[in-house]
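Residue-level structural notes
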Amino acid sequence: MSNKSKQKLRKQSQGRTQTSNPNKKKFERRENETIDQCLDRIRNSGYTPVKRIEKPVFKEMIENGEKSIIPNGQQTIFEGILNKSER
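Anyway, here's the lowdown on the structure attached to this text.

Conventions we followed
Residues numbered from 1 in each chain as written. Predicted model: local features only at pLDDT ≥ 70, side-chain atom pairs only at ≥ 80, totals over all residues. Heavy atoms only, no water. Pairing = 2+ DSSP bridges. Helix = DSSP H or I, 4+ residues; strand = E, 2+ residues; numbered from the N terminus. Axes fitted to C-alpha atoms, helices over the stretch in contact; angles between N-to-C directions. Contact = heavy atoms within 4.5 Å. Buried < 20%, exposed > 50% of the residue type's maximum accessible area, 1.4 Å probe, protein only. Polar contact = N/O pair within 3.5 Å; in protein donor to acceptor, adjacent residues only side chain to side chain. Phe/Tyr/Trp six-rings, centres within 6.5 Å; stacked < 30°, edge-to-face > 60°.

Now for the sheet that holds strand β3 (residues 66–82). Taken together, three strands build an open sheet; the order of strands is β1-β3-β2 and the sheet is antiparallel. The sheet is open, and its two edges are formed by β1 (24–28) and β2 (47–63), each paired on a single side. Across this sheet, the average inter-strand angle for adjacent strands is 25 degrees, counted without regard to direction. With 16 bridges joining them, β2 and β3 adopt antiparallel strand pairing. Within β3, the position partnered with I62 by the bridge is K67. Its contacts with the sheet put helix α2 (residues 35–44) on β1, β2 and β3, and the angle it makes with β2 is roughly 135 degrees.

Okay, structure coming up:
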């Protein structure tokens, strides 16, 4: 691959990471908050939820000198888009 091609690819990839969509926002479900309460909070902020992401949370335990990783919960993240009336 020529140097010009490499430079062009770098510029393209840099452009993608630097631009962000102001119409999208991520909302994390807070501790002791139900999913319905989180969805209400999203709607009250002027966004419409379009995507739900759930990630496991792990905890590292040391038992008898050995490390073990055990599930410790779940993180829920919603992605919302700005309502047309809010733009």
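Before going further, it helps to spend a moment on the side chain of R41. As for its placement among the helices and strands, R41 is situated in helix α2. Note on R41: relative accessible area 18%, which makes it buried. Among the polar contacts made by the side chain of R41, one reaches the side chain of E33 at a distance of 3.1 Å. In contact with R41, other than residues within four places in its own chain, are F27, E28, R29, R30 and E33.

Turning to the packing of aromatic side chains, a few remarks are in order. Given two aromatic rings, their pairing is described by the distance between the two centres and the angle made by the two planes. By the definition in use, this model includes one aromatic pair. Relative to Y47, the ring of F27 lies with its centre 5.4 Å away and its plane at 70 degrees, an arrangement referred to as edge-to-face. Of this pair, F27 sits in strand β1 while Y47 is found in strand β2, placing the two residues 20 residues apart along the sequence. Y47 matches F27 in its accessibility class, with the two residues each being buried.

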